[in-house]
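So the chains spell out like this:
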Amino acid sequence: MRLPQGLKNECRPRVPLRELTTFRIGGPAEAFAVISGEEELRRILAYCRGQAIRVRVIGAGSNILAADDGVRGMVIKLSSSYFNRITITGNRVVAGAGASLPALIRKCAAAGLSGVEFLAGIPGTVGGATAMNCGVGGEGSRRSIGDLVEHVKVMGYNGTLSLVDKRGAGFGYRGSAVSSGVIIAVSLCLKKSTPGKVASRLREWILARRGQEYRYPSAGCVFKNPPGGLAAGKLIDDCGLKGARAGGAVVSEKHANFIVNTGAARFSDVRKLMRLVQRRVKLRYGIGLEPEIRIWK
Ligand code: EPU
C-alpha cells in the first residue's frame, strides 16, 4: 500500500495490533493512522476509497481479537484535542468519539450529572462504546450507552456527515446501525444531580465489578448473553470450564465469560478455546453462544 501523505500525524506501516488492543494479541495492521480532525478524516477516507483500501476504526481496542497475521488495509484512530473533547451544557453532554469513558465519567461526576456511572471500569472510548452500544446487566435490567443518546454525528465512508437521532442510530444488544460509518461525536442527555451523589453511585458500580477479571489482559466478556435472561458466564462456569486452557489463553477463574491472555496467547489459542466453550455449552444446554468481541482477521 502507498501510504497517504500530509496528515498531521504520520501514517505508519505495520503497526502491531497487540499494541493497540487490551487483549495484547494480534499481528500488524498494514497501515495505522491517528486522525486529528474531520477534514483529515474525510481526506483519508477518500484516499482509501480511491485505492480500494479497507478502513477499520479502532478506539481503545478493548473489544477486539486480532489475527496473528494482522489485518490488511488501514486502521484509523480518532484522537486529538478535537476528537477527545467533552462539552457540558446544562444536562447535555457532547463527547467526541476519541474521548475515553473514564474521562467522560469524571467530567460528568464533577458537573453533578448522573447517568453514565454504570460505564465505570470499562476501558473504552465514547466512539467504540457507541458503535457497540456498550452496557451492563442482563435481559430486563440492561443499561446501555444508547439509552442516553440524543444524537450521533457520523461520517459515512463516502465522506458525508450526518446527525442521526437515537432511533436512527439503531441501538440493539451490543450493536448499532451507526457503526456502519465513522462515529465523530455523541450527544447524551443526563440527569441533574450533585457531585457527591454521583461519586457514591460510581463507587457502587466499581464495587459491583469486583467479580470481573482485571489481572490479565482480556477483551472483557467474550460471548453475548443468550436470550431468555441467561448469563453466558454462568453457563460456561456450570460446564466446569473455568481454568480451561489453549496455549496462553485461559478461561478466567474469576468470571467464566472472560478469556485471559496469560502472557503469550495467540489468536489461534483464543479461537480454539472459544470453539471448545461453544461446543460444551451447546452439548449441555443446546444453546449456541455468539461472540460479543469483534474478530479482526
Ligand atoms: N456467573 C457465574 N459464574 C461466572 C460468571 C458469572 O455463575 O463465572 C453468574 C453471576 O453470579 C451472575 C450471572 O452469572 O449471577 C451474571 O454475571 P455478571 O453479573 O457478571 O454479568 P454478565 O451478564 O456476565 C454483563 C455484561 C458485562 C458487564 C456485566 C455487568 C454481557 C455479555 N456482559 O455480564 O459486560 O460488565 O454484565 O453488569 O452482556 C463486556 O461487555 O465485555 C462485559 C464484561
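Above: the structure in question.
Small disclaimer: the values here were computed from a predicted structure and weren't measured. (Residues numbered from 1 in each chain as written. Predicted model: local features only at pLDDT ≥ 70, side-chain atom pairs only at ≥ 80, totals over all residues. Heavy atoms only, no water.)

J.: Can you help me understand the packing of aromatic side chains in this one?
T.: One pair of aromatic rings is described through two measures. These are the centre distance and the angle between the planes. Per the counting criterion, the structure on display carries two aromatic pairs. The interplanar angle of 65° and the centroid separation of 6.4 Å between the aromatic rings of Phe118 and Trp205 together place this pair among those described as edge-to-face. Here Phe118, found in the loop between β8 (113-114) and α3 (126-132), pairs with Trp205, found in helix α5 (residues 195-208); they are 87 residues apart in sequence, far enough to count as distant. A relative accessible area of 21% places Trp205 in the partly exposed class. Positioned above the aromatic ring of Trp296 is the side chain of Arg56, whose terminal nitrogen or guanidinium carbon lies 5.3 Å from the ring centre. (Phe/Tyr/Trp six-rings, centres within 6.5 Å; stacked < 30°, edge-to-face > 60°. Helix = DSSP H or I, 4+ residues; strand = E, 2+ residues; numbered from the N terminus. Buried < 20%, exposed > 50% of the residue type's maximum accessible area, 1.4 Å probe, protein only. Lys NZ or Arg CZ within 6 Å of the ring centre and 35° of its normal.)

J.: Explanation requested: the sheet that holds strand β1 (residues 12-16) in the structure shown.
T.: Within a sheet, adjacent strands bond to each other through the backbone by hydrogen bonds, running parallel or antiparallel. If you trace the four strands from one edge of the open sheet to the other, you get β1-β2-β5-β3, paired in mixed fashion. The open sheet has two edge strands with one neighbour each: β1 and β3 (55-57). Across this sheet, the average inter-strand angle for adjacent strands is 45°, counted without regard to direction. Sheet analysis places β3 next to strand β5 (residues 71-78), joined by three bridges and oriented parallel. Residue pairing for β5: Val55 is matched across the bridge by Met74. (Pairing = 2+ DSSP bridges. Axes fitted to C-alpha atoms, helices over the stretch in contact; angles between N-to-C directions.)

J.: I tried to follow the site of the ligand on my own but got confused; where do I start?
T.: Contacts to the ligand come from 20 residues, most closely from Arg174, Gln212, Cys221, Asn225 and Asp237. At 2.8 Å, a side-chain N or O of Tyr173 approaches an oxygen atom of the ligand. Side-chain polar atom of Glu292 to an oxygen atom of the ligand: 3.3 Å apart, as the coordinates give it. Protein contacts shield 71% of the accessible area of the ligand, which totals 820 Å² for the unbound molecule. At the level of secondary structure, the elements contributing two or more residues to the shell around the ligand comprise β15 (218-221) and α6 (232-238). Taken together, the residues that form the shell around the ligand break down as seven nonpolar, seven polar and six charged. (Near = heavy atom within 4 Å. Polar contact = N/O pair within 3.5 Å; in protein donor to acceptor, adjacent residues only side chain to side chain. Areas by Shrake-Rupley, 256 points an atom, 1.4 Å probe, with all protein chains shown as cover. Nonpolar A, V, L, I, M, F, W, Y, C, P; charged D, E, K, R; others polar.)

J.: Explanation requested: helix α7 (residues 267-285) in the structure shown.
T.: Owing to its 3.6 residues per turn, the α-helix brings residues three or four apart onto one side. Here α7 is 19 residues long and its end C-alpha atoms lie 27 Å apart, about the 27 Å a rise of 1.5 Å per residue gives. Those residues of α7 lying buried are Phe267, Asp269, Val270, Arg271, Leu273, Met274, Val277 and Val281. Against β4 (64-66), α6, β16 (245-246), β17 (249-251), β18 (258-261) and β19 (294-296) lie the buried residues of α7. (Expected span 1.5 Å × (residues − 1). Contact = heavy atoms within 4.5 Å.)

J.: Would you mind showing me how to read the environment of Ile236 here?
T.: By the element assignment, Ile236 lies in helix α6. It is 33 Å that separates the C-alpha atoms of Ile236 and Ala103, two residues lying 133 residues apart in sequence.

J.: Help me out: how do you make sense of the sheet that holds β15 in this one?
T.: Ordered by their spatial adjacency, four strands build an open sheet running β15-β18-β17-β16, and the pairing between neighbours is antiparallel. Edge positions in the open sheet fall to β15 and β16, since each of these has one partner strand only. Most of the contacts of α7 go to β17, to which it runs at about 25°, and overall it touches β16, β17 and β18.

J.: It is not clear to me how the nonpolar core should be interpreted in this structure. Could you clarify?
T.: As a rule of thumb, soluble globular proteins bury nonpolar side chains together. Counting 55 residues, the largest nonpolar core has Leu41, Met74, Leu104, Val116, Leu119 and Leu188 as the members making the most contacts within it. Setting aside chain neighbours within four positions, we find Leu119 in contact with Leu101, Ile105, Cys134 and Ile145. Membership of the second largest hydrophobic core comes to 28 residues, among which are Phe223, Ala246, Val251 and Met274. (Core = buried A, V, L, I, M, F, W, Y, C linked by side-chain atoms within 4.5 Å.)

J.: Please clarify how the pattern of salt bridges should be interpreted in this entry.
T.: Note on pairing: side chains with opposite charge can pair once their charged atoms come close. Taken as a whole and assessed by the stated rule, the structure comprises 11 salt bridges. The closest approach of N and O atoms between Glu38 and Lys153, which form a salt bridge, is 2.7 Å. With Glu38 in helix α1 (residues 38-50) and Lys153 in strand β11 (residues 149-155), this residue pair connects regions lying 115 residues apart in the sequence. Note on Glu38: relative accessible area 16%, which makes it buried. We classify Lys153 as partly exposed; its relative accessible area is 25%. (Salt bridge = Lys/Arg side-chain N within 4 Å of Asp/Glu carboxyl O.)

J.: Looking at this structure, how should I read the environment of Ala131?
T.: The topology assignment puts Ala131 in helix α3. According to the relative accessible area criterion, Ala131 is buried, its value standing at 16%. For the pair Ala131 and Ala97, spaced 34 residues apart in sequence, the C-alpha separation works out to 9.8 Å.

J.: Please clarify how the side chain of Asn225 should be interpreted in this entry.
T.: Structurally, Asn225 can be placed in the loop between β15 and α6. Separated by 2.8 Å, the side chain of Asn225 and the backbone nitrogen of Ala232 make a polar contact. Look past the residues within four positions of Asn225 in its chain and what remains in contact with it is Gly138, Tyr173, Leu230, Ala231, Ala232, Gly233 and Asn257.

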